[in-house]
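Reading the structure
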Amino acid sequence: MKFSKERLIQARESLGINKAEAARRLNMSAMGYGRYEKGDREPSFQTVSYIAEVFGTTSDFLYSLSDIPSSDTITVSEEKEPELFALVTAIRKDNKLAERLLEYSKLYFQNKKPRL
């Protein structure tokens, strides 16, 4: 697999951020990030996965294996988002709860007052 610097640039630009901001969000030096965009250096698979997560894209997109830039999955970390993680875990175990929450969310997004 060959990392695509063009896809990296496209992902960054879709966020409306410059190289310095991209480097800050990725917690890396601007020079190191710039090397990826110039094609002077290819990031490891772990780094590509992290870039994809932070930029809201996929490693397949960054490797030009897919033309779809957005991810169709969301990672929920127990450490970073314990309440959301607990909710997702509960939903996976209880179909009735999932159905009730989906109905609630439909009403919520339609700007109707839901009954609990």
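Notes on the structure in this doc start here. Because the structure is predicted, anything quoted here is derived from the model rather than measured. (Residues numbered from 1 in each chain as written. Predicted model: local features only at pLDDT ≥ 70, side-chain atom pairs only at ≥ 80, totals over all residues. Heavy atoms only, no water.)

Regarding its fold elements, the chain presents 7 helices and 0 strands. For the chain, the sequential pattern of α-helices and β-strands runs α-α-α-α-α-α-α. Viewed in the frame of its principal axes, the chain has a C-alpha envelope of about 55 × 30 × 25 Å. Counting every position in the chain, which comprises 116 residues, the buried fraction comes to 23%. When contacts within the chain are restricted to residue pairs at least 6 apart in sequence, long-range pairs at least 24 apart make up 44% of them. When the accessible surface of the chain is summed, it comes to about 8,800 Å², and 51% of that surface belongs to carbon and sulfur atoms. When the 19 basic and 17 acidic side-chain charges of the chain are each reduced to a single mean position, those positions are 4 Å apart. (Helix = DSSP H or I, 4+ residues; strand = E, 2+ residues; numbered from the N terminus. Buried < 20%, exposed > 50% of the residue type's maximum accessible area, 1.4 Å probe, protein only. Contact = heavy atoms within 4.5 Å. Areas by Shrake-Rupley, 256 points an atom, 1.4 Å probe, with all protein chains shown as cover. Lys, Arg positive; Asp, Glu negative; His and termini not counted. Charge placed at Lys NZ, Arg CZ, Asp CG, Glu CD.)

Once that is clear, we can look at the nonpolar core. Within the largest apolar cluster, 16 residues are counted, with the highest numbers of intra-cluster contacts made by Phe-3, Leu-8, Tyr-33, Ile-51, Phe-55 and Leu-62. Those elements that provide at least two residues to this core are α1 (5–14), α2 (19–25), α3 (30–38), α4 (45–55) and α5 (59–62). At 4 residues, the largest contribution of residues to this core is made by α4. Setting aside residues up to four positions removed in sequence, Ile-51 forms contacts with Leu-8, Leu-26, Tyr-36 and Leu-62. (Core = buried A, V, L, I, M, F, W, Y, C linked by side-chain atoms within 4.5 Å.)

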